[in-house]
Amino acid sequence: MDGIILKSCDNLGMPTLSDAKLNARKVFSRAPSGTRRIDIQALRALAIGSVFVYHLWPATLPGGFIGVDVFFVISGFLITSHIMRDVARGSFSVTAFWARRLRRLMPAALLVLAVVTVATYVFAPASLALQQHREIIAATLYFENWRLAFDAVDYLGADNAASGVQHYWSLSVEEQFYFLWPLLIVLALAISRRLRIMRPVRLVALTVGVVGLASFAYAVVTTAASPAWSFFVTPSRIWELALGAGAALAYAAFSRRSEGAVWWRRTASILGWTAIALSIALLNTSTPHPSWPTLAATLGTAAVILAGDSANRWSVGPVASLKPVQFLGDISYSVYLWHWPLIVMGASRWGDPGPLQSGAIIVATVLAATATYVSVERPMQIRSPQVMATFRGALGVTALVAAVIVGANAVPVAADAHRTAEVARSFSDDLSSVGECDGAMARVNSDLCGPQVGGAYSPEMEDAEANSLAYYDAVLDCDPNAIVSAKGELCDYTQTEASGPLVVLVGNSHAQHYLPAVGAIAKEHGWNLSLLWSPGCALVDARTMQGTEQDQLDCLDFTGSALEYLQDAKPALVILSYTNRQYADATGEASDPVAIDGAARALQTIVDVGTPVVAVKDSAWTLMEIATCLEVDYDTDPEACTRARPSAVGDSQLERAAERFSPEEVFVLDLTDAYCDDDTCYPTGGGILAYRDDHHLTVEWARTLAPLFETRIPSSFMP
């Protein structure tokens, strides 16, 4: 593809020097080539400074995350300017463009990924290392934004701790843009030449506008429906890069003819800088983003760029031209690469960093970024090695280094996949396999089993979540289309025959995590067991206040669909459990009575068809970073990882609703004594780890609850 150059591609139907080149030359010959833009360097400095401060002290600059959006606009402007300038010269090559991007961005990015890989092996807590290895692979292959997006909407992945390469999501968006954007421009130029319906640059401008508007519309809609998804995915971000591209076309077309109109340039510059500053100061994590509020900073950035350096002398010029500001702009890419891994490593060592630790992180970041800029970035810009001069060479070297990094991180990921598959195959749901001093039984039988504070336990924290996921995958056959609900799933428990009485385990993830216990009883009694669940939703006939508007509607939809299914199926028994949710009263305030009334209506619907209900009181919560506590404090001070019972066990909305029914209709199963004594709740017991995060049970612990389900549920409820 190195031969795809506009001046020699008549046979491909692309624009020739006689049309696209000459049309672009009229516009882009006015734009300065290779000129250092003081204003753009200052924008970069402001962007990286705001992101860095936001990541260290979020409350200081609550909208500091908007710096990434400033970077997007700058990138769209610069890349489109470079492409169109080469078109004007008749020398644009798609592969040469890609080669420049590889030389410019990949060496420093891969260097940081290599360092983080080594640090993960040496320093990362075992509970976080596997996730970090997975994300390093995604970051190396530049799909980290999509991985984070899927994790953000996957309930079982939403609580993942931040990895040291999470910030590569924005670099992934840009690399995807750099791959597609030149192809889109070449396509527009080719259409212009073939159909001759519009001048080439005008058709490019129209294409940029259509793509940008479509992306912005997508961002607005998806931000309202699923903000975590919208934040990361490329279609929600293209409009910001397209805005920069539009600024490039406008700047080239109007910069010279507007040189005399100093007043509007000054005004645009002042308004632009003001809009960015106000966005950084006033936006926060509850602001819909990227959406309408994001326009202020992005349009402000475009205004500053369009105003040009001369206008900025009347606004922030004296500050923008300061050497420290310009230097920070120069090293902004390397600062972005280094700052987040150092923050994450600092947090794992110190917790929330204080002033001294934060200062150390800042100094270390600037030193590492300066060294990277001087020894890697700048040399690759001035005189790259001969082997990387062509696209094939640059791609080959990059692919080789990336393959080494991916391979180094794939080894532990593959080993874990093999291990968890073995765990799933060997896991026992037999009721008889639970000893009287195993896990939860040890705390219930404390007189027999002795104190359960400290001591060895299994599984290790880094294995707990993987074991749980492997178990659910092995024993559940789920059909998300079995009920009419956007979020709900109906799953068959595959370890028993389908001929026995139907029993349905219903609720959210706090019903799902009881599956090993209920499954053991199902095998013992020959039940046909199903799991009817929805992540984050309670079976309450009311609209929750939590989550986005779409989340709230989805949960209400799940309740309606689940109740309809239960009315039709008329199971022999429903076992129901979920964690408390917030529901609003008429004034908009959170109200437990509204939640309890809604829960009671749902229970009434079930018992009206003759189905008894076992309402399982919610499990105790650790309310802490249990993984960190177990790895850092448990061996020397196991009490540090315990929780006072009143704070770990709250008032249960489901239990309060169940009190309105007779004991023959709804039975409340309270298992609190499996986690807590009279005063304290514990993360381990009987040699088994209870929690895989701050409130979900491990499958190993849940299995040991089976005898308590068996003996405490009245025999009249057991099919």
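Cut-offs applied
Per chain, the residues get numbers from 1 upward, laid out in the order the sequence is written. This being a predicted model, a pLDDT of at least 70 is required before a residue's local features are given, and a value of 80 or more before pairs of side-chain atoms are given or counted; all residues contribute to the totals for chains, interfaces and linings. Hydrogen atoms and water are omitted, and side-chain values are computed over all heavy atoms in the structure. The way it works is that DSSP assigns letters per residue, a run of H or I at least four long becomes a helix, a run of E at least two long becomes a strand, and they are numbered from the N terminus. A simple rule labels every residue: compare its accessible area, found with a 1.4 Å probe on the protein chains alone, to the largest value its type can have, and call it buried under 20%, exposed over 50%, or partly exposed in between. In what follows, residue pairs with any heavy atoms lying within 4.5 Å of each other are defined as contacts. Per-residue accessibility takes into account occlusion by the displayed protein chains alone, with areas from the Shrake-Rupley method and a 1.4 Å probe. Note on pairing: two strands pair once DSSP finds at least 2 bridges between them. Every angle, taken between N-to-C directions, lies between 0 and 180 degrees, and every axis is a line fitted to C-alpha atoms, over only the stretch in contact when it is a helix. One side-chain nitrogen of Lys or Arg within 4 Å of one carboxyl oxygen of Asp or Glu is enough to make a salt bridge. Disulfides are defined as pairs of cysteine sulfur atoms found within 2.5 Å of each other. Residues forming no salt bridge and having over 30% relative accessible area are the ones grouped into patches, like charges within 9 Å of each other and nonpolar side chains (Val, Leu, Ile, Met, Phe, Trp, Tyr) within 5 Å. Reported orientations rely on four angle classes, namely roughly parallel under 35 degrees, roughly antiparallel over 145, roughly perpendicular from 65 to 115, and oblique for the rest. Here is the rule for handedness: rotate from the far helix to the near one, and if that takes an anticlockwise turn smaller than a right angle the crossing is left-handed, while a clockwise turn gives right-handed. Scored from 0 to 100, pLDDT reflects the predictor's confidence in each residue. The criterion for an aromatic pair is that two Phe, Tyr or Trp rings (for Trp, the six-membered ring) have centres within 6.5 Å, with stacked assigned to planes under 30 degrees apart, edge-to-face to planes over 60 apart and tilted to the rest.

Draft legend 1. Broad picture of the overall build of the protein. Across its full length, the protein carries 29 helices and eleven strands. Going through the 719 residues of the protein one by one, you find that 54% of them count as buried. Partitioning the intrachain contacts of the protein with sequence separation of at least 6 by distance along the chain shows that 80% fall at a separation of at least 24. Total accessible area on the protein stands at roughly 29700 Å², and carbon and sulfur atoms take up 60% of it.

Draft legend 2. Fine view of the sheet that holds strand E2 (residues 489-493). Across the sheet, seven strands lie side by side as E1-E2-E4-E3-E5-E6-E8; this open sheet has mixed pairing. One side of each edge strand has no neighbouring strand; the edge strands of this open sheet are strand E1 (476-479) and strand E8 (666-669). The mean angle between the axes of side-by-side strands here comes to 20°, regardless of whether they run parallel or antiparallel. The sheet contact formed by strand E5 (residues 573-577) and strand E6 (residues 613-616) spans three bridges and is parallel. Each residue of the ladder has a partner; that of valine 574, found in E6, is valine 613. Sheet strands in contact with helix H24 (residues 592-607) are E5, E6 and E8, and its direction is about 150° off that of E6.

Draft legend 3. Layout of the pattern of salt bridges. In total, this model carries twelve salt bridges according to the counting rule given. Among the salt bridges present, the one from arginine 104 reaches glutamate 377, with a minimum N-O distance of 2.7 Å. Of this pair, arginine 104 sits in helix H4 (residues 94-122) while glutamate 377 sits in helix H16 (residues 355-382), and the two are 273 residues apart along the sequence. Judged by its relative accessible area of 22%, arginine 104 falls in the partly exposed class. Between glutamate 655 and lysine 617 there is a salt bridge, with its nearest N and O atoms 3.6 Å apart.

Draft legend 4. Examining the state of the cysteines more closely. Under the criterion given, the structure shown has four disulfides. Two residues share a disulfide in this structure: cysteine 537 and cysteine 555, whose sulfurs sit 2.0 Å from each other. In this structure, the disulfide formed by cysteine 537 and cysteine 555 twists by about -75° around the S-S bond and is classed as left-handed. Here cysteine 555 lies in helix H23 (residues 549-569) and cysteine 537 lies in the loop between strand E4 (528-533) and H23, a separation of 18 residues in the sequence. Side by side, cysteine 537 and cysteine 555 carry an identical accessibility label, which is buried. There is a disulfide in this structure between cysteine 676 and cysteine 681, and the S-S distance comes to 1.9 Å. The sign of the 95° torsion about the S-S bond sets the cysteine 676-cysteine 681 disulfide as right-handed. With respect to class, cysteine 676 is no different from cysteine 681; both count as buried.

Draft legend 5. Molecular detail of a nonpolar patch on the surface. Among the surface-exposed residues, Leu187, Ile191, Leu195, Ile197, Met198, Leu206 and Val210 lie close enough to one another that they form a single nonpolar patch of about 630 Å² accessible area. At the level of elements, helix H7 (168-195) and helix H8 (200-225) are the ones that each hand at least two residues to the nonpolar patch. If one sorts the elements of the nonpolar patch by residue count, H7 sits on top with three residues. For methionine 198, the position within the fold is in the loop between H7 and H8.

Draft legend 6. Region of the structure containing the side chain of serine 192. Note on placement: serine 192 falls in helix H7. Serine 192 gets classed as buried once you look at its relative accessible area, which sits at 3%. Leave out the neighbours within four places in its chain, and serine 192 touches Ile197, Met198, Arg199, Pro200 and Leu203.

Draft legend 7. Representation of the packing of H7 against H8 in the model. Following both chains from N to C, one finds H7 and H8 inclined at 130°, their axes separated by 9 Å at the closest point. When the axes of H7 and H8 are compared, the pair comes out oblique. Crossing of H7 over H8 shows right-handed handedness. Contacts between H7 and H8 pair Trp181, Leu184, Ile185, Ala188, Leu189, Ile191 and Ser192 from the former with Pro200, Leu203, Val204, Thr207, Val208 and Val211 from the latter.

Draft legend 8. Here's a closer look at the confidence of the model for the protein. In this model, the protein carries an average pLDDT of 85, and 87% of its residues clear a pLDDT of 70 or more. Segment residues 1-20 is flagged for pLDDT under 50; beyond a separation of four residues in sequence, or across chains, it makes 49 contacts in the model.

Draft legend 9. Representation of unusual backbone geometry. The omega torsion of the bond from histidine 289 to proline 290 falls at 0°, within 30 degrees of zero and hence cis. Along the chain, proline 290 falls in the loop between helix H11 (262-282) and helix H12 (295-312). Omega for the peptide link from serine 458 to proline 459 comes to 0°, which places this bond in the cis form. Looking at the element boundaries, proline 459 is found in the loop between helix H19 (446-449) and helix H20 (461-475). Unlike most non-glycine residues, lysine 570 shows phi in positive territory, near 45°. Looking at the element boundaries, lysine 570 is found in the loop between H23 and E5.

Draft legend 10. Local environment of the environment of alanine 658. Note that alanine 658 resides in helix H27 (residues 653-658). Given a relative accessible area of 3%, alanine 658 falls into the buried group. Separated by 54 residues in the primary sequence, alanine 658 and glutamine 604 place their C-alpha atoms 9.7 Å from one another. Ignoring sequence-local partners within four residues, the contact set of alanine 658 consists of Leu603, Ala615, Val666 and Val668.

Draft legend 11. Inspection of the environment of glycine 454 at higher detail. Mapped onto the secondary structure, glycine 454 falls in the loop between H19 and H20. Considering only alpha carbons, one finds glycine 454 and cysteine 641, 187 residues apart in sequence, at a separation of 9.4 Å.

Draft legend 12. Inspection of the packing of aromatic side chains at higher detail. One pass over the full model with this rule turns up 21 aromatic pairs. When the ring of phenylalanine 71 is compared with that of tyrosine 336, the centres are 6.5 Å apart and the planes differ by 65°; the resulting orientation is edge-to-face. Pair noted here: phenylalanine 71 is in helix H3 (residues 66-89) and tyrosine 336 is in helix H15 (residues 332-350), with a separation of 265 residues, a long-range link. Taken individually, phenylalanine 71 and tyrosine 336 each receive the classification buried, so the pair is uniform in this respect. Aromatic pair tryptophan 146 and tryptophan 229: ring centres 5.8 Å apart, planes at 70°, arrangement edge-to-face. Of this pair, tryptophan 146 sits in helix H6 (residues 144-153) while tryptophan 229 sits in helix H9 (residues 227-232), and the two are 83 residues apart along the sequence.

Draft legend 13. Layout of the packing of H4 against H15. Where H4 contacts H15, the two axes come as close as 10 Å, and the packing angle between them is 10°. When the axes of H4 and H15 are compared, the pair comes out roughly parallel. From H4, Arg104, Leu105, Ala108, Ala109, Leu111, Val112, Val115, Val116 and Ala119 reach across to H15, where they touch Tyr333, Leu337, Trp338, Pro341 and Met345.

Draft legend 14. Main features of the side chain of serine 172. Tracing the sequence through the fold places serine 172 in helix H7. On the basis of relative accessible area, serine 172 is assigned to the buried category, the value being 0%. The contact partners of serine 172, leaving out residues within four places of it in the chain, are Tyr142, Phe143, Glu144 and Asn145.

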